[in-house]
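Secondary and tertiary structure notes
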Amino acid sequence: MNSISEAHAGDLMINWEIASTTAAKLAPAGPRFTPAQVTEEVDALRRAAAQAVGHVHRITGLDAAENLGTDPAETLVVDRATWSKANVQSFRELLAPALRVVLEQKPELGKEGSNAQVFGSSFAGAELGAMLSFLSANVLGQFDPFGQNRLILVAPNIVEISTELNVVREDFRLWVCLHEQTHRVQFAAAPWLADHLRSKITELSSSTMGMATGFGERLGEIISEVRKGRGLIEVIQSPADRETMSHLTAVMSLLEGHANVIMDSVDSSIVPSVKTIRRRFEARGKTRTPLEKFIRRLLQLDLKAAQYRDGQKFVGHIVEAVGMDSFNTIWESPEHLPTEHELHHPQEWIERMGLV
């Protein structure tokens, strides 16, 4: 088992084909399009993505943003099933090292063709697919820094949510693209960032999955700690894991918060209804069904949304205090990234960076 490759370990542990097909089958039906409407929407989204480039460059002031993403081939417009398939591939690459750790500790799970391997990988694939099916109906866009560095826009969701909010679709398209093109710029301005995140994700997932294999042996201790009010993940993870999780939380909050600041920095001459869009978009959570709320709690999506709002406050405070150029030093090295504590105390980051 020690000689098994990471890719093969991942294929033994998770049936990726089942993940893709499950996600496609379970995804809610989106808006119906005629072929002509599909072409029109795809072209409109690609134009919006290209239009956003100049605004992101102007607002961020980052040289890396100049003309980045203007090529239509760099923007992939997809349906929900295709988005899920792309993310299955991302999970396949990101989780491979961690899944190899699991097999090294529990080699019986990787005996190819055994009941444990076949049923275990099928169940894991179905579980991943079910999660992606829900997300595929809610994600508007995504920039994947670990794959082909392409911007992905989910057309049915952009159409559906702009209709639900009763906002100008042209404005909504551009507003979404401003956010996603900012993510593209972040990774271009910090070319080390993708590898840094990949290593931290691998470190955390490998350790957490490795500790989870001993879950049964530690069950009594775990139950006792959970009863004291500690979260399950917190109990399973080591102090080092929690430190890594804190770092990843801070970085992801920074990336999303920065993108929100940029998308909301355009005035009405660029996105005439920007204030209406933001207000109605933020109010969407109040109209979710009980099932949607339950799934969001299960996937911790509302917690993540709150963290991203913290990131937006962090970025806004720094830009207001020292200006965008000084803020941009954050992309220079991993040491310049904020801690989770600094995320809530931005002045301390300013002082650590010597920007006072």
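Just so it is clear, the structure is predicted and the values come from calculations on it, not from any experiment.

Rules and cut-offs
Residues numbered from 1 in each chain as written. Predicted model: local features only at pLDDT ≥ 70, side-chain atom pairs only at ≥ 80, totals over all residues. Heavy atoms only, no water. Helix = DSSP H or I, 4+ residues; strand = E, 2+ residues; numbered from the N terminus. Buried < 20%, exposed > 50% of the residue type's maximum accessible area, 1.4 Å probe, protein only. Contact = heavy atoms within 4.5 Å. Areas by Shrake-Rupley, 256 points an atom, 1.4 Å probe, with all protein chains shown as cover. Pairing = 2+ DSSP bridges. Salt bridge = Lys/Arg side-chain N within 4 Å of Asp/Glu carboxyl O. pLDDT = per-residue confidence, 0-100. Axes fitted to C-alpha atoms, helices over the stretch in contact; angles between N-to-C directions. Parallel < 35°, antiparallel > 145°, perpendicular 65-115°, else oblique. Left-handed = near helix turned anticlockwise from the far one by under 90°. Nonpolar A, V, L, I, M, F, W, Y, C, P; charged D, E, K, R; others polar. Expected span 1.5 Å × (residues − 1). Phe/Tyr/Trp six-rings, centres within 6.5 Å; stacked < 30°, edge-to-face > 60°.

**Concerning the overall build of the protein chain**
A tally of regular secondary structure across the protein chain gives 17 helices and 3 strands. Considering the protein chain as a whole, with its 356 residues, one finds that 46% of them fall into the buried category. Sequence separation of 24 or more characterises 77% of the internal contacts of the protein chain that already satisfy a separation of 6 or more. Surface exposure of the protein chain reaches about 17,600 Å², of which carbon and sulfur atoms provide 55%.

**Let's talk about the pairing of strand β3 (residues 151-154)**
Of the two faces of β3, the one holding Leu151 and Leu153 and the one holding Ile152 and Val154 are both buried throughout. In the sheet, strand β1 (residues 75-78) pairs with β3 via 4 bridges, with the strands oriented parallel. Among the inter-strand pairings, Val78 is bridged to a residue of β3, identified as Val154. Inspection of the sheet shows strand β2 (residues 141-143) paired to β3 by 3 bridges, in the antiparallel sense. Its bridge partner lying in β3, Phe143 is registered against Leu151.

**As for the pattern of salt bridges**
Inspection of the entire model under this criterion finds 10 salt bridges. Arg184 is the partner of Glu74 in a salt bridge, and the nearest nitrogen-oxygen pair spans 4.0 Å. Here Glu74 is found in the loop between α3 (35-60) and β1, whereas its partner Arg184 is found in helix α7 (residues 169-189), with 110 residues between them in sequence. Judged by relative accessible area, which is 5%, Arg184 ranks as buried. The shortest N-O distance in the salt bridge between Glu342 and Arg352 comes to 2.6 Å. In this pair, Glu342 sits in helix α16 (residues 340-344) while Arg352 sits in helix α17 (residues 346-352), placing the two residues 10 residues apart along the sequence.

**Quick word on the confidence of the model for the protein chain**
Scored by pLDDT, the protein chain comes out at a mean of 85, with 86% of its residues at no less than 70. Below a pLDDT of 50 lies the segment residues 214-236, which in the model reaches 19 contacts outside its immediate sequence neighbourhood of four places, other chains included.

**A word on the side chain of His336**
Tracing the chain through its elements places His336 in the loop between α15 (324-327) and α16. With sequence-adjacent residues up to four places away left out, His336 is seen in contact with Thr329, Ile330, Trp349, Arg352 and Met353.

**Observations regarding the sheet that holds β2**
One open sheet holds the 3 strands; their spatial order is β1-β3-β2, and the pairing between them is mixed. Here the strands that pair on one side only, and so sit at the sheet edges, are β1 and β2. Strand-to-strand twist across the sheet, computed as the mean angle between neighbouring axes with direction ignored, equals 20 degrees.

**Brief notes about the packing of α3 against α7**
Where α3 meets α7, the axes come as close as 8 Å, and the angle between the chain directions of the two elements is 55 degrees. It follows that α3 is oblique to α7 by the angle criterion. In this structure, the crossing between α3 and α7 has a hand that is right-handed. Residues Glu41, Ala44, Leu45, Ala48, Ala49, Ala50, Gln51, Ala52, Val53, His55 and Val56 of α3 form the contact with α7, whose participating residues are Arg169, Arg173, Leu174, Cys177, Leu178, Gln181, Thr182 and Val185. Residues that form the contact of α3 with α7 fall into these classes: 12 nonpolar, 4 polar and 3 charged.

**Here's the deal with α3**
Along its 26 residues, α3 runs 37 Å from first to last C-alpha, staying within 8% of the 38 Å computed at 1.5 Å per residue. Within the sequence span of α3, burial applies to Glu41, Val42, Ala44, Leu45, Ala48, Ala49, Ala52, Val53, His55, Val56, Ile59 and Thr60. Phi turns positive, to about 70 degrees, at Gly61, one or two residues after α3.

**Re the environment of Glu66**
For Glu66, the location among the structural elements is in the loop between α3 and β1. Since its relative accessible area comes to 49%, Glu66 is described here as partly exposed. Once the C-alpha coordinates of Glu66 and Val185 are considered, the two residues, 119 residues apart in sequence, prove to be 8.9 Å apart.

**Structural notes on the packing of α7 against helix α12 (residues 274-282)**
Between α7 and α12, the least distance of the axes is 10 Å, while the angle of their chain directions is 75 degrees. For the element pair α7 / α12, the angle class is roughly perpendicular. The residues of α12 that touch α7, namely those facing Asp171, Phe172 and Trp175, are Val274, Ile277, Arg278 and Phe281. Split by residue class, the contact of α7 with α12 holds 5 nonpolar, no polar and 2 charged.

**Description of the packing of aromatic side chains**
This structure, assessed with the given rule, holds 5 aromatic pairs. Seen from their ring centres, Phe143 and Phe187 are 6.0 Å apart, and the 40 degrees between their planes marks the pair as tilted. Of this pair, Phe143 sits in strand β2 while Phe187 sits in helix α7; the two residues are 44 residues apart in sequence, bridging distant segments of the chain. Within the aromatic cluster, the residues linked to one another by ring pairs are Phe172, Trp175 and Phe281.

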